[in-house]
Amino acid sequence: WLGALRFDNLALRSLPVDASEESGPRTVPGACFARVRPSPLQNPRLVAMSLPALALLGLEAPAADPAEAEAEAALFFSGNRVLAGAEPAAHCYCGHQFGSFAGQLGDGAAMYLGEVLGPRGERWEIQLKGAGITPFSRQADGRKVLRSSIREFLCSEAMFHLGIPTTRAGTCVTSDSTVIRDVFYDGNPKKERCTVVLRIASTFIRFGSFEIFKPPDEYTGRKGPSQDRNDIRIQMLDYVISTFYPEIQEAYSDNTVQRNAAFFREITKRTARLVAEWQCVGFCHGVLNTDNMSIVGLTIDYGPFGFMDRYDPEHVCNGSDNAGRYAYNKQPEICKWNLEKLAEALVPELPLEISQLILEEEYDAEFEKHYLQKMRKKLGLIQLELEEDSKLVSELLETMHLTAGDFTNIFYLLSSFSVDIDPSKFEDFLEELTSQCASVEELKVVFKPQMDPRQLSMMLMLAQSNPQLLALIGTKASINKELERIEQSSKLQQLTADDLLSRNKRHWKEWLEKYRVRLQKEIESVGNADAWNTERVKVMNSNNPKYILRNYIAQNAIEAAENGDFSEVRNVLKLLEHPFQEAEGFQEVKEDAEEEAATATAAVCSQETRSKQSYCSKPPLWASELCVT
């Protein structure tokens with residue numbers, strides 16, 4: 001089955017490859033790649049495969065013997081065998097991690113296998129993530145485990161089907177080999193199964209790939225392994241632009257500075273549009289370091305990501321991001337900061353005064369334009385583009401925040417609101433909308449203080465005379481957050497469910513009236529109101545997903561897989577391939593899969609799990625305790 005793959009490894013022919021065959025962790029100067037060998041796993045077996053992703057490589061669903069194809073995929077995409085034509089290598093890059101330059105990083109667990117030519121001649125780099133030690137593994141073992149691999153596999157495909165630029169995932173293969181992991185860094189290590197994900201993208205080159213030339217950093221003292229090798233920087237720019245931006249190469253073939261400026265302008269715009277797309281589906285990346293930013297504008301490196309449930313602009317999905325550097329509302333400015341670091345890394349081939357001007361001219365304007373365009377579609381504002389639309393969106397988000405509304409489900413429900421809705425149906429709609437807001441019990445969990453209020457009060461009092469004490473209890477931001485939790489928690493003790501519902505309904509009535517007035521302006525500008533409304537609903541339903549990869553959905557799939565049942569991973573994958581549709585026919589798919597696994601059958605929106613939650617409902621209480629680091 002895999003014999004159909006046609007390799008043409010242009011990156012290794014175009015960029016310098018380290019001559020050393022030494023396999024252990026080391027500094028790799030003067031090279032973009034180092035050759036490696038995947039380390040075999042015991043008893044590899046397929047967790048799931050994405051046929052739409054594999055189709056990019058020219059692989060069709062195996063008609064003759066699916067079990068044989070699964071075994072073949074497990075053998076080759078675990079790294080136990082190397083495909084004919086593959087040339088395993090690890091990519092060298094550096095990065096600013098949480099704002100500080102970290103020096104050489106590189107593919108510590110990922111291995112480039114080569115570039116496969118697709119059916120239409122397009123080129124796809126394929127990688128194994130979790131296939132063993134490379135020169136860039138540092139103190140780690142080059143392995144990934146089942147839980148993180150399932151999350152990356154499912155989210156890569158979920159993002160693609162949401163229409164967001166992303167790397168893809170072809171297979172997820174687990175094994176009987178184990179490694180020790182301390183999941184929450186709390187001194188409770190456990191054995192976990194080694195697992196490998198096949199990743200697919202046009203390229204995995206990232207902003208940090210250009211930081212290998214960096215001289216010693218003024219704050220950390222670290223430097224890139226290829227300092228002063230401007231010849232390699234030139235090679236990389238030539239390769240990246242001619243291969244992934246051929247129209248720019250063609251337009252500016254006789255002027256490299258103009259060419260490099262056009263390239264930087266394009267990656268600036270792509271990055272701005274990408275983060276606008278994230279904001280519009282409530283996606284938080286979690287680790288937006290420069291080494292996790294794609295040079296072609298893709299979402300890359302799925303680690304402690306999360307889709308926001310309850311709308312909170314300051315939502316932090318990464319349990320180890322204590323300062324909230326990569327919070328939801330900070331993603332646009334962080335991506336801009338990362339572009340500044342890319343600009344610095346391109347000097348002298350692109351003077352800083354040129355790139356900085358491009359960044360100031362293009363980034364914010366492109367982000368705001370794309371964000372508002374997308375939000376108009378989510379609200380069904382398809383006819384007019386009015387200045388007031390930005391305010392309407394802000395007020396919607398503020399109402400969501402005040403009522404602790406579920407970001408995905410509230411947007412999804414808005415398509416059933418209409419200008420001429422009769423009073424009884426309006427009350428029903430309001431009831432449905434407020435049912436997507438957090439209950440008193442949910443809010444008590446959200447605002448549960450993490451410190452004893454009396455202890456915090458005493459520490460703050462002592463800190464007035466000894467400010468250094470503040471550092472022992474956290475940053476200024478985290479202390480303010482804790483004080484807010486204490487205040488909210490105190491208020492919630494007095495709040496009844498009826499009071500909360502009444503307050504939420506009042507907030508939503510106010511915003512819906514503004515929304516109704518705006519929709520009325522749409523109607524007044526068209527000849528046929530019915531045709532407009534049909535199109536409005538169609539546009540809204542293709543921009544507001546019903547299904548996203550919520551943490552609790554991923555967790556249920558992970559727990560089943562850790563117990564040897566992969567059917568839930570496969571079910572969720574199928575569901576995420578159609579995020580905007582009611583899951584018709586999914587019940588039959590699920591029943592077939594679960595008959596095989598001898599587990600209970602259930603339909604999508606009446607799925608029985610430990611939480612008795614449906615895939616399309618807001619999360620259960622236990623989900624708020626999930627921590628991804």
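Residues numbered from 1 in each chain as written. Predicted model: local features only at pLDDT ≥ 70, side-chain atom pairs only at ≥ 80, totals over all residues. Heavy atoms only, no water.

Some details on the overall build of the chain
Across its full length, the chain carries 21 helices and 13 strands. In terms of overall dimensions, the chain is globule-like: its C-alpha atoms have a radius of gyration of 26 Å, near the 25 Å expected for 629 residues. Principal-axis analysis of the C-alpha atoms gives the chain an extent of 75 × 65 × 60 Å. Counting across all 629 residues of the chain, residues that qualify as buried make up 55%. (Helix = DSSP H or I, 4+ residues; strand = E, 2+ residues; numbered from the N terminus. Rg over C-alpha atoms; globule rule 2.2 N^0.38 Å. Buried < 20%, exposed > 50% of the residue type's maximum accessible area, 1.4 Å probe, protein only.)

Notes on the packing of aromatic side chains
Taken as a whole, this structure holds 19 aromatic pairs when the rule is applied. Measuring from ring centre to ring centre gives 5.4 Å for Phe33 and Tyr112, while their planes differ by 50°; the resulting arrangement is tilted. Remark: Tyr112 occurs in strand S7 (residues 110-117) and Phe33 occurs in strand S2 (residues 33-35); sequence separation between them is 79 residues. By the burial criterion, Phe33 is buried, and Tyr112 matches it. Sitting over the face of the ring of Phe160, Arg168 holds its NZ or CZ atom 3.6 Å from the ring centroid. Cation over ring: Arg206 sits above Tyr93, and NZ or CZ is 4.5 Å from the ring centre. (Phe/Tyr/Trp six-rings, centres within 6.5 Å; stacked < 30°, edge-to-face > 60°. Lys NZ or Arg CZ within 6 Å of the ring centre and 35° of its normal.)

With respect to the confidence of the model for the chain
Low pLDDT means the predicted atomic positions in that stretch should not be read closely. Looking at the chain as a whole, the pLDDT averages 92, with 95% of positions reaching at least 70. Per-residue pLDDT stays below 50 along residues 587-609; that stretch engages in 37 contacts with residues further than four places along the chain or on separate chains. (pLDDT = per-residue confidence, 0-100. Contact = heavy atoms within 4.5 Å.)

Some points on a negative patch on the surface
A surface patch of like charges, here negative, comprises Asp420, Asp422, Asp428 and Glu432. Position of Asp428 among the secondary structure elements: in helix H12 (residues 423-434). Note on Asp428: relative accessible area 53%, which makes it exposed. (Patch = residues over 30% accessible without salt bridge, like charges linked within 9 Å, V, L, I, M, F, W, Y side chains within 5 Å. Areas by Shrake-Rupley, 256 points an atom, 1.4 Å probe, with all protein chains shown as cover. Salt bridge = Lys/Arg side-chain N within 4 Å of Asp/Glu carboxyl O. Lys, Arg positive; Asp, Glu negative; His and termini not counted. Charge placed at Lys NZ, Arg CZ, Asp CG, Glu CD.)

Structural notes on the domain arrangement of the chain
Each assigned domain of the chain is listed here: domain 1 (2-249), domain 2 (252-376) and domain 3 (392-544). Between domain 1 and domain 2, the C-alpha centre-to-centre distance is 21 Å. On the side of domain 2, 48 residues touch domain 1, which itself brings 41 residues to the contact. Across the domain 1 to domain 2 interface the summed buried area is about 3900 Å²; carbon plus sulfur atoms make up 64%. Its largest share of buried area at the contact with domain 2, domain 1 owes to Phe98, Phe207 and Tyr245, together 22% of the area lost on that side. (Domains from an automatic or database assignment. Buried area = accessible area lost by both parts, 1.4 Å probe.)

Structural notes on the environment of Ser617
Along the chain, Ser617 falls in the segment after helix H21 (586-597). Sequence spacing of Ser617 and Leu381 is 236 residues, and the spatial spacing of their C-alpha atoms is 26 Å. Apart from residues no more than four positions distant in its own chain, Ser617 is found in contact with Asn409, Arg550 and Tyr552.

Re empty space enclosed by the protein
One pass over the full model with this rule turns up three cavities of 30 Å³ or more. The computed volume of the largest cavity comes to approximately 50 Å³. Taken together, Phe207, Thr271, Leu274, Trp278, His285, Asn292, Met293, Ser294, Gly297, Leu298, Thr299 and Ile300 make up the full set of residues lining the largest cavity. A per-class count over the lining of the largest cavity returns six nonpolar, six polar and no charged. (1 Å grid on protein atoms, 1.4 Å probe; cavity = no way out; pocket = protein on both sides within 12 Å on 5 of 7 lines; lining within 4 Å. Points joined across faces, edges and corners; volume = space filled by probe spheres on them. Nonpolar A, V, L, I, M, F, W, Y, C, P; charged D, E, K, R; others polar.)

Looking at helix H5 (residues 230-244)
An α-helix turns once per 3.6 residues; consequently, residues spaced three or four apart project the same way. Between its terminal C-alpha atoms H5 stretches 21 Å, which fits the 21 Å expected from 15 residues at 1.5 Å a residue. Taken together, the buried positions of H5 are occupied by Ile232, Arg233, Met236, Leu237, Tyr239, Val240, Ile241 and Phe244. Buried residues along H5 sit against helix H1 (10-14), S7, helix H6 (246-251), helix H7 (256-281) and helix H8 (331-346). (Expected span 1.5 Å × (residues − 1).)

Here we look at the side chain of His91
With respect to the helices and strands, the residue His91 is situated in strand S4 (residues 89-91). Within polar-contact distance, the side chain of His91 engages the backbone oxygen of Cys32 at 2.9 Å. (Polar contact = N/O pair within 3.5 Å; in protein donor to acceptor, adjacent residues only side chain to side chain.)

Concerning the pairing of strand S6 (residues 100-104)
Among the five residues in S6, four count as buried, and that is most of the element. Linking strand S5 (residues 94-97) back to S6 in an antiparallel pair, the connection comprises two residues, with Phe98 at a positive phi of about 50°. (Pairing = 2+ DSSP bridges.)

Focus on the pairing of strand S8 (residues 123-129)
The element S8 is largely enclosed, with a buried count of six among its seven residues. With seven bridges joining them, S7 and S8 adopt antiparallel strand pairing. Bridge assignment links Met111 to a residue of S8, and that residue is Leu128. What sits between the antiparallel neighbours S7 and S8 is a turn of five residues, in which Gly121 has the positive phi angle 85°. As defined by bridge partners, S8 adjoins strand S11 (residues 190-201) across five bridges and the pair is classed as antiparallel. In the sheet register, Lys129 faces S11, and the bridge partner there is Val197.

A few points about the nonpolar core
Core analysis: the biggest nonpolar cluster contains 165 residues, and Phe210, Phe264, Leu379, Leu414, Leu512, Tyr515 and Leu549 have the highest contact counts within it. The element that contributes the greatest number of residues to this core is H7, accounting for twelve residues. (Core = buried A, V, L, I, M, F, W, Y, C linked by side-chain atoms within 4.5 Å.)

Things to note about the packing of helix H4 (residues 146-161) against helix H19 (residues 551-562)
How two helices sit against one another is set out by the angle between their axes and by the gap between those axes. Remark: H4 packs on H19, axes separated minimally by 10 Å, with the N-to-C direction vectors making an angle of 130°. Taken together, the axis directions place H4 and H19 in an arrangement best described as oblique. Considering the relative orientation of H4 and H19, their crossing is right-handed. Listed contacts from H19 to Leu146, Arg147, Ile150 and Arg151 of H4 are Asn551, Ala554, Ile558, Ala561 and Glu562. Residues of the contact of H4 with H19, tallied by class, amount to five nonpolar, one polar and three charged. (Axes fitted to C-alpha atoms, helices over the stretch in contact; angles between N-to-C directions. Parallel < 35°, antiparallel > 145°, perpendicular 65-115°, else oblique. Left-handed = near helix turned anticlockwise from the far one by under 90°.)

Description of the packing of H4 against helix H20 (residues 567-576)
Interaxial distance between H4 and H20 falls to 9 Å at its minimum, and their mutual angle equals 15°. Taken together, the axes of H4 and H20 lie roughly parallel to each other. Seen along the crossing, H4 lies across H20 with a hand that is right-handed. Each of Ile150, Phe153, Leu154, Glu157, Ala158 and His161 in H4 lies in contact with H20, whose residues at this interface are Val569, Val572, Leu573 and Leu576. The residue inventory of the contact of H4 with H20, partitioned by class, reads eight nonpolar, one polar and one charged.

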